[in-house]
Amino acid sequence: MKLVVAVVQDQDSNRLSNALTKHNFRATKLASTGGFLRSGNTTFIVGTEDSSIPQLLDIIRDNCRSREQLVSPISPLGGNADSYIPYPIEVEVGGATVFVLPIEQFHHF
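Parameters at a glance
- Residues numbered from 1 in each chain as written.
- Predicted model: local features only at pLDDT ≥ 70, side-chain atom pairs only at ≥ 80, totals over all residues.
- Heavy atoms only, no water.
- Salt bridge = Lys/Arg side-chain N within 4 Å of Asp/Glu carboxyl O.
- Helix = DSSP H or I, 4+ residues; strand = E, 2+ residues; numbered from the N terminus.
- Buried < 20%, exposed > 50% of the residue type's maximum accessible area, 1.4 Å probe, protein only.
- Arc of directions from axis to C-beta.
- Contact = heavy atoms within 4.5 Å.
- Pairing = 2+ DSSP bridges.
- Axes fitted to C-alpha atoms, helices over the stretch in contact; angles between N-to-C directions.
- Expected span 1.5 Å × (residues − 1).

J.: A description of the pattern of salt bridges should follow, citing residues and the corresponding values.
T.: One pass over the structure, following the stated rule, counts 3 salt bridges. Note that Lys2 and Asp50 form a salt bridge whose closest N and O atoms lie 3.9 Å from each other. Of this pair, Lys2 sits in strand 1 (residues 2–9) while Asp50 sits in the loop between strand 3 (40–48) and helix 2 (53–63), placing them 48 residues apart in sequence. Its salt-bridge partner being Arg61, residue Asp58 comes within 2.7 Å of it at the nearest N-O pair. You can see Asp58 and its partner Arg61 sitting in helix 2, 3 residues apart, about one turn around the helix. Residue Arg61 is classed as exposed on the basis of its relative accessible area of 54%.

Written out as structure tokens, the structure is:
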């Protein structure tokens, strides 16, 4: 048994949720915030059998795409302003960060 934790951009959240449901994966969705861009993310938590991991990873890969986006950097408050860029920059966002963890026991009450 494995626990899969997938952090995805909010734009991909509904598409991934629908795909997981379509393929009979039960998931818990949590609202989260990224530390780098401080933008909205959704964290999916899925418990599944080891043999289902390749299919689950394919579903996540197919529904969470990276894209280029212009972001405005947050000015440093009281910090070093030497490296601060005062204009929007283009960064790659989206995709998914996925952790696959071993589970010793699973109980459903």
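J.: Account for helix 2, with residues named and values stated.
T.: Listed as buried for helix 2 are Ile53, Leu56, Ile59, Ile60 and Asn63. Taken down its axis, helix 2 places every buried residue within 125° of arc, on the same side. Among the structural elements, strand 1, helix 1 (10–22), strand 3 and strand 6 (96–102) are those in contact with the buried residues of helix 2.

J.: Give a detailed account of the sheet that holds strand 3, specifying residues and quantitative values.
T.: Read across the open sheet, the 4 strands follow the order 2-3-1-6; overall the sheet is antiparallel. Sheet topology places strand 2 (27–33) and strand 6 at the edges, where each strand pairs with a single neighbour. Averaged over all adjacent pairs, the angle separating strand axes in this sheet is 20°, with direction ignored. Relative to strand 3, strand 1 runs antiparallel, the two being bridged by 8 bridges.

J.: I'd like a rundown of unusual backbone geometry, residues and numbers included.
T.: You will see that Asn24, though not glycine, has its phi angle at about 65°, which is positive. Relative to the elements of secondary structure, Asn24 occurs in the loop between helix 1 and strand 2.

J.: Could you give an account of helix 1, naming the residues involved and the relevant values?
T.: Taking 1.5 Å as the rise per residue, helix 1 with 13 residues should run 18 Å; its terminal C-alpha atoms sit 19 Å apart, in good agreement. Buried residues of helix 1: Asp12, Ser13, Leu16, Ser17, Ala19 and Leu20, and no others. Backbone geometry just downstream of helix 1 places Asn24 in the positive-phi region, at approximately 65°.

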